[in-house]
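Examining the three-dimensional arrangement
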Amino acid sequence: SLVDPAIPQTAGLQNPLLVPVADRDLLWDQVIDSLDDYFMIQREERVRQVGDVLLEGRIETFPVGGATLLEPWRRDSTPGPERLQSTLQSIRRRAVVRVTPTGGGYLVDLAVYKELEDLASPQHASVGQARVRHETTLNRNEEEVGADAFTLGWIPLGRDASLEQRILQEIRDRTTGV
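Residues numbered from 1 in each chain as written. Predicted model: local features only at pLDDT ≥ 70, side-chain atom pairs only at ≥ 80, totals over all residues. Heavy atoms only, no water.

Looking at unusual backbone geometry
That bond from Asn15 to Pro16 is cis: its omega, 15°, falls within 30 degrees of zero. For Pro16, the location among the structural elements is in the segment before β1 (17-19). (Helix = DSSP H or I, 4+ residues; strand = E, 2+ residues; numbered from the N terminus.)

Okay, here's the thing in structure tokens:
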């Protein structure tokens, strides 16, 4: 089995996760502390109060290359198929967290996006390099200013639900004292 016995297996948590905490600064610090064990924080906007209204907080991380089977100390790939895929392919992950105030506490909405590197040809391949190649012509990123960052050369693979569950479990354990 490829399941890590050191990690307790639980039923899936709701995402977004309802965290019944009254202190928004304590919650924010716990979310940041949990997330920076996996990723480097790129941008954060704390939950803040403007007048009588609490505004949503948001955290975005830099993309991180996926941990391989040869890097057991890194935690950004969960054991099993995710870590194996990161070993055999160039995979990277990034996270976006939204913390939304609600009546019973805060909703923590965590999304971990996974991307596969798109190379024009296999790296270190020597066959056919003497010919003129045209498939790597100039590509322009025509995104509007302020849109989500988009990097050429990476194919979106969807979300990494197993890593989302692991991070949400840590946040829940830190904030509820489990």
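Here the narrative resumes.
Points about the environment of Leu26
Position of Leu26 relative to the elements: it lies in helix α1 (residues 24-35). Considering only alpha carbons, one finds Leu26 and Thr175, 149 residues apart in sequence, at a separation of 8.1 Å.

Overview of the confidence of the model for the protein
Mean pLDDT over the protein stands at 81; residues scoring 70 or higher make up 76%. Low pLDDT, under 50, characterises residues 1-9; the predicted model gives this stretch eight contacts beyond four residues in sequence or across chains. (pLDDT = per-residue confidence, 0-100. Contact = heavy atoms within 4.5 Å.)

Section: the pairing of strand β5 (residues 57-61)
Most of β5 is tucked away, with four of its five residues classed as buried. Relative to β5, strand β2 (residues 41-45) runs antiparallel, the two being bridged by four bridges. Residue pairing across strands places Glu45 opposite Arg58, the latter belonging to β5. Looking at chain direction, β5 and strand β7 (residues 91-102) are connected through four bridges and run antiparallel. Looking at β7, one finds that Gly57 is bridged to Val99. (Buried < 20%, exposed > 50% of the residue type's maximum accessible area, 1.4 Å probe, protein only. Pairing = 2+ DSSP bridges.)

Overview of the pattern of salt bridges
As a working rule, side chains carrying opposite charge can pair if their charged atoms are close by. Using the criterion set out here, one finds 18 salt bridges in the structure. The salt bridge involving Glu170 is made with Arg75; its shortest N-O contact spans 2.4 Å. Of this pair, Glu170 sits in helix α3 (residues 161-176) while Arg75 sits in the loop between β6 (64-65) and α2 (81-88), and the two are 95 residues apart along the sequence. A single salt-bridge network, built from bridges that share partners, covers Asp33, Asp37, Arg75, Glu170 and Arg174. (Salt bridge = Lys/Arg side-chain N within 4 Å of Asp/Glu carboxyl O.)

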